[in-house]
Amino acid sequence: MADDVWSSQLRKGVIELAILALVAEEPRYGSQLVERLSAEPALSVTAGTAYPLLARLARAGLVAATWQESPVGPPRKYYSLTEAGSALLPQMSSAFRQVSAAVESLLPPATGKANR
Amino acid sequence: MITSLDDLTSAEAREAAEVGIAAAVADLPSGLRQEVAAELAAHLCEELDADSDELRIRALVALFGPVEAEPSGWRGALDRLVRGFDPAGVAARLAESMWQPADERLLLPRAVGLGWDLNLGAVAVRLGLIEPDAEDEPFTSTRPAAFRQASVLPAAMAVAVAAHYLARWRTLQQRLPGHWNLFGRPDRWTSRSSAAVIDLGTTLGPAVLAAWAARSDRPGPDKAGVIAGSALIASVGAVTTVARSLPEGRGWWIQPALVIGSAAAAGATLIHLALDGRRAEISRDLPGQ
C-alpha cells in the first residue's frame, strides 16, 4: 500500500516534465498524450490526471492550446510548447537528471529481494 | 533573498512571479487563494535576488508542483461549511463544483456547506457531449448571447407556473400538498394561495436573477453559476407545481423528479454555455469554422 502511494506521488512529480517533453517533439492533443504516456507503464496516467495538468501548464504559460482541424472527425485541441516552456524545459530536464543520478548513486544494487 | 516581490528590479520578472503564483492557486477555492498565494510569494522571495530574471522565476514556479485543492478530512469539511456562509464568490464556486469536465470524478466536494455535488461536467464527458478540455477555462470564452439564451430556461418555467395557476385557479383544491415523503405521499398541506406564492416565488425570483446575471459584467464563471443555480431552483418550483395538481397530490415519481429535474436543468444550462465557449474558441483558432 505504502509503495503504491509513494509511486503515485513520484509519478505526479515527473508527469509535467514528461508532458512538456512530448509536446516539445510535436504538438499533441489530450487523448494522444494520455495514450503516449500510458505506453510507458511507469508514467501511466488517466485522463482525469492529464487534463488538469494540461490546464495548469497552460495557465502557467508553458504550453499553448489551440484548436486545429482533424483529418478524422471534429477539430481537436492541440498543445504545443510556448517560448517560456521551451526555455524552461532544458532547465527542468537538467534538474531531473541531476536528481535522478544522485539518487541512483545512493541506491543499493538491484537484487530483486526486499531488504530485511 | 528578498523581502518582497516588489524588490525585483525587472518588471518582467515581477510579472512572471505574479502570473506564476496566480496560476498555481487558480484551482483552489477562492477563500484559500489569497492565503496560499502569500505563502508561495514568501517562499519565492527566499529563493530570489533583486536581479533574478524571468527564467529563474519560471523555473521556481514550475517546482511548486500540484497545490492541494482541498484540505482533507474534518478540516476540509469545516472549511467548506464556513465558506458556505460567505456570499462572495458562491456563484463561481457553484460552477466549479458542478462543472469540472477535466476531472473524471462524478462527485466533487460541495461548494457550499457539507456533502458532495454531482460533477455535471464529468457526466457530459462520459456521455460524449463535450471533451475534457473543450474550454481553456470554463465559461471564460462563452459569448454574451449564450448567457442570455440560458437565462430563458428559468424564465420559461416561471411563465409556465404563472400560466398554470391562472388557468387552473378555480379548479385547484383549497388545500394543496406542501411537502412529500420519500414515497411521494403528502405529509404536510398548505393553502392554495400559499402554494401559488411559493411556486411563483421559486420560479420568478431565479428567473429575474438569471436575467440580471446574463446581462451583467460579472466574469463568465460567476454568470454560469448564477444562471445554472437559478435553473436548478426554478425547476424545483416547476416540478412542485405539477405535483401539487396531481389527483390526491401524490405520485411515487415526485421525489426522483425533483432531483433529476433540478440536475437536468442545471446540466442543460452548463452544457449550453460550455458548448458555446468551445465554439468561440474554435472560431478564434480556426477562422471560418
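First, a word on scope: everything that follows refers to the structure included in this document. Computed from a prediction, not measured in an experiment: that's the story for all the values here. (Residues numbered from 1 in each chain as written. Chains lettered and ligands numbered in written order. Predicted model: local features only at pLDDT ≥ 70, side-chain atom pairs only at ≥ 80, totals over all residues. Heavy atoms only, no water.)

**Brief notes about the interface of chain A and chain B**
Phase 1: Contacts between chain A and chain B engage 23 residues on the former and 25 residues on the latter.
Phase 2: Carbon and sulfur atoms make up 55% of the area that chain A and chain B hide from each other, which totals about 2,200 Å².
Phase 3: Sorting the residues of chain A by area buried against chain B places Arg-56, Arg-59 and Trp-67 of chain A first, and these three jointly supply 34% of that buried surface.
Phase 4: At the junction of chain A with chain B, the criterion picks out three salt bridges.
Phase 5: The tally of links between chain A and chain B comes to eight residue pairs in polar contact (both at pLDDT 80 or more).
Phase 6: Elements supplying a minimum of two residues to the side of chain A that touches chain B: helix H3 (47-59), strand S2 (63-68), strand S3 (76-81) and helix H4 (83-106) of chain A.
Phase 7: When residues in the side of chain A that touches chain B are grouped by element, the largest group, six residues, is from H3 of chain A. (Contact = heavy atoms within 4.5 Å. Buried area = accessible area lost by both parts, 1.4 Å probe. Salt bridge = Lys/Arg side-chain N within 4 Å of Asp/Glu carboxyl O. Polar contact = N/O pair within 3.5 Å; in protein donor to acceptor, adjacent residues only side chain to side chain. Helix = DSSP H or I, 4+ residues; strand = E, 2+ residues; numbered from the N terminus.)

**A look at the pattern of salt bridges**
Phase 1: Throughout the structure, instances matching the rule amount to 15 salt bridges over all chains.
Phase 2: Of the charged contacts in the structure, one is a salt bridge between Arg-36 of chain A and Glu-40 of chain A, with a shortest N-O distance of 3.4 Å.
Phase 3: A residue is classified by how much of its surface remains accessible, and Arg-36 of chain A, at 33% relative accessible area, is partly exposed.
Phase 4: Between Asp-136 of chain B and Lys-77 of chain A there is a salt bridge, with its nearest N and O atoms 2.7 Å apart. Within this pair, whereas Asp-136 of chain B is found in the loop between helix H6 (120-126) and helix H7 (144-150), its partner Lys-77 of chain A is found in strand S3, the two belonging to separate chains.
Phase 5: By relative accessible area, Asp-136 of chain B is classed as partly exposed at 30%.
Phase 6: Salt bridges here are not isolated pairs; linked through shared partners, they connect Lys-77 of chain A together with Asp-136, Glu-281, Arg-284 and Asp-285 of chain B. (Buried < 20%, exposed > 50% of the residue type's maximum accessible area, 1.4 Å probe, protein only.)

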